[in-house]
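# Close look at the chain arrangement
The primary structure of each chain is shown beneath.
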Amino acid sequence: LRHAGAGDRRQPAPALLLALDYYRRYQFDVQKSFFLSRSRQHDVSAKKTVAIGAVGAFFATVASFSGFANGAEGHAISAIAVFGAALGAYSIGREQMTQDRRNSERYERTYMSLLELTKTLDPVAEALTEGNVSAVREFTSAVEEQISNEHRQWLEETEATNTSLARIQTALESNKEKKKVKP
């Protein structure tokens, strides 16, 4: 439908409505389900990370207060404080690596955008029965644009990382060249 030409207006409306329903069921609904599911998965993972950090902060805090109460004799208490700090550091590193909170929000935004497009399905189907194929083209383009936007954000981040890595590599090679020049 996205690439349908002017000759498609000659097709009977039921065939076009069936094609729209096929697109809705096997592309649009599948994508909505995917983005909602991934948003929830990342959200659960982000909450685990926050819980780990909170447990670490709790251990570190309890150990600190116990250390003040017991004086300098609490080596075991110091170990608990170190354990708590390690848990906190792990949770920070885990969030930086997985970026679950950000990914959850990104998937949620895409899902909400697709959900908003759901409201246009009935008017698009009605326009199609009147022979307006361009409404279907615009609908499918809008859906694909939302999906592509999410993918494009990943590509932009990858590109930024690759640019940074290239600058580091250039700096390392420059340093090697300087060492070769010195006798």
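Located above this text is the structure these notes cover.
Since we're looking at a predicted model, the values are computed, not measured. (Residues numbered from 1 in each chain as written. Predicted model: local features only at pLDDT ≥ 70, side-chain atom pairs only at ≥ 80, totals over all residues. Heavy atoms only, no water.)

We now examine the overall build of the protein chain. What the protein chain contains, in helices and strands, is 5 helices and 0 strands. Ordered by position in the sequence, the α and β elements of the protein chain form the string α-α-α-α-α. Classification of the 183 residues of the protein chain by burial places 26% in the buried group. When the accessible surface of the protein chain is totalled, it reaches about 12,300 Å², and 60% of it is carbon and sulfur. (Helix = DSSP H or I, 4+ residues; strand = E, 2+ residues; numbered from the N terminus. Buried < 20%, exposed > 50% of the residue type's maximum accessible area, 1.4 Å probe, protein only. Areas by Shrake-Rupley, 256 points an atom, 1.4 Å probe, with all protein chains shown as cover.)

So, on to the side chain of Ser-45. Structurally, the position occupied by Ser-45 is in helix α1 (residues 13-70). Leave out the neighbours within four places in its chain, and Ser-45 touches Arg-94 and Asp-100. (Contact = heavy atoms within 4.5 Å.)

At a minimum axis distance of 6 Å, the contact between helix α2 (residues 75-98) and helix α3 (residues 100-118) shows a crossing angle of 40°. Contacts between α2 and α3 pair Arg-94, Glu-95 and Thr-98 from the former with Asp-100, Arg-101, Arg-102 and Asn-103 from the latter. For the contact of α2 with α3, the class distribution of residues is no nonpolar, 2 polar and 5 charged. (Axes fitted to C-alpha atoms, helices over the stretch in contact; angles between N-to-C directions. Nonpolar A, V, L, I, M, F, W, Y, C, P; charged D, E, K, R; others polar.)

Note on soluble globular proteins: their nonpolar side chains tend to be buried together. Judged by nonpolar contacts, the single largest core of 20 residues is most densely connected at Leu-20, Phe-28, Phe-139 and Val-143. Broken down by secondary-structure element, the contributors of at least two residues to this core are α1, α3, α4 (121-129) and α5 (133-181). The residues touching Phe-28, leaving out its near neighbours within four places in the chain, are Tyr-23, Leu-114, Leu-117, Thr-118, Leu-121, Phe-139 and Val-143. (Core = buried A, V, L, I, M, F, W, Y, C linked by side-chain atoms within 4.5 Å.)

Further remarks concern α3. In this model α3 runs 27 Å from its N-terminal to its C-terminal C-alpha over 19 residues, within 8% of the 27 Å that 1.5 Å per residue would give. Along α3, the residues that are buried comprise Asp-100, Asn-103, Ser-104, Arg-106, Tyr-107, Thr-110, Tyr-111, Leu-114 and Leu-117. Taken down its axis, α3 places every buried residue within 165° of arc, on the same side. (Expected span 1.5 Å × (residues − 1). Arc of directions from axis to C-beta.)

With that settled, the discussion passes to the pattern of salt bridges. A complete count under the given rule lists 9 salt bridges for this structure. Residue Arg-24 is joined to Asp-29 by a salt bridge in which the shortest nitrogen-to-oxygen separation is 2.4 Å. Between Lys-119 and Glu-116 there is a salt bridge; the shortest N-O distance is 3.2 Å. If you follow the salt bridges from partner to partner, you end up with Asp-21, Arg-24, Arg-25, Asp-29 and Lys-32 in one network. (Salt bridge = Lys/Arg side-chain N within 4 Å of Asp/Glu carboxyl O.)

This part covers the packing of aromatic side chains. Here a ring pair, both rings aromatic, is described through the centre-centre distance and the interplanar angle of the planes. Applying the stated rule across the entire model yields 8 aromatic pairs. Summarising the aromatic geometry, the rings of Phe-28 and Phe-139 are spaced 5.3 Å apart at their centres and angled 70° between planes, so their arrangement reads as edge-to-face. With a gap of 111 residues between them, Phe-28 in helix α1 and Phe-139 in helix α5 connect regions that are remote in the sequence. Judged by relative accessible area, which is 0%, Phe-28 ranks as buried. (Phe/Tyr/Trp six-rings, centres within 6.5 Å; stacked < 30°, edge-to-face > 60°.)

Turning to its location among the elements, Glu-138 is positioned in helix α5. Separated by 14 residues in the primary sequence, Glu-138 and Val-124 have C-alpha atoms spaced 9.1 Å apart.

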